[in-house]
Amino acid sequence: MPMLYGLYVEAELCNVSSFRFSDSSDWIFQVQKRSRNGTVEPIELQQGVGRLEWGDIHGADRLACDRSEREATMRVARPRKAGGKGKGQLGKFGKLRGETPLAEYTGEGPFPCLVAVFECEGCEPLEWTTGGIACVQDGNGHEVVRAQLNSMIWQDPRNGEAYIRITSHEFRCL
């Protein structure tokens, strides 16, 4: 059964009114086995989905162990369809910040702010190492789509006056 983890962030915004991640964001995380045996590996989510095979199980042990011990999956959580039926594990968490698991960060409200929810099976996220693709709204109301957060920083390529700097982040089990 997948576990849900929320990614909470605090950010410094300069000439930016808000940002949000898109469904097509690529992410890189450090994850560990849910059994917490010390195995930590990177997982890359492309188009919101990632999978890895743990490298610490070999030979006959690999065939004998449970699938969740052999591999891990992590994906952006999807809200349930109207009426609570259909695919998606998000359930009540889809209403935490709007109707999407990819919430808008405005720099207001309680900090840190929930910006994304992930379904994790066979792993637990530890660290967000590379940012995703965001949609940024600058202070003048113009949108910059496909803004890439590199090393947790984005600077407006048009004039360099607007920027986002992720100052802290954490995962919470939901």
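Everything below is about the structure shown above.
Residues numbered from 1 in each chain as written. Predicted model: local features only at pLDDT ≥ 70, side-chain atom pairs only at ≥ 80, totals over all residues. Heavy atoms only, no water.

Caption draft 1: Representation of unusual backbone geometry in the model. In this structure, the amide linkage connecting Phe111 to the following residue, Pro112, adopts the cis form with an omega of -10°. Its place among the elements puts Pro112 in the loop between β6 (71-76) and β7 (113-121). Backbone geometry at Ser151 places phi at a positive 55°, although glycine is not the residue there. In this fold, Ser151 is placed in the loop between β10 (143-148) and β11 (153-155). Ser151 gets classed as exposed once you look at its relative accessible area, which sits at 61%. Backbone geometry places Met152, a non-glycine residue, at a positive phi of 65°. Relative to the elements of secondary structure, Met152 occurs in the loop between β10 and β11. (Helix = DSSP H or I, 4+ residues; strand = E, 2+ residues; numbered from the N terminus. Buried < 20%, exposed > 50% of the residue type's maximum accessible area, 1.4 Å probe, protein only.)

Caption draft 2: Quick look at the nonpolar core. Membership of the largest hydrophobic core comes to 36 residues, with the highest contact counts inside it found for Trp27, Phe29, Phe118 and Trp128. The dominant element in this core, judged by the number of residues it contributes, is β7, at 5 residues. Look past the residues within four positions of Trp27 in its chain and what remains in contact with it is Leu7, Phe21, Ile43, Glu44, Leu45, Val76, Leu102, Ala116, Phe118, Trp128, Thr130 and Gly132. Grouped together as the second largest cluster of nonpolar side chains are 5 residues, Leu4, Tyr8, Ala77 and Val117 included. (Core = buried A, V, L, I, M, F, W, Y, C linked by side-chain atoms within 4.5 Å. Contact = heavy atoms within 4.5 Å.)

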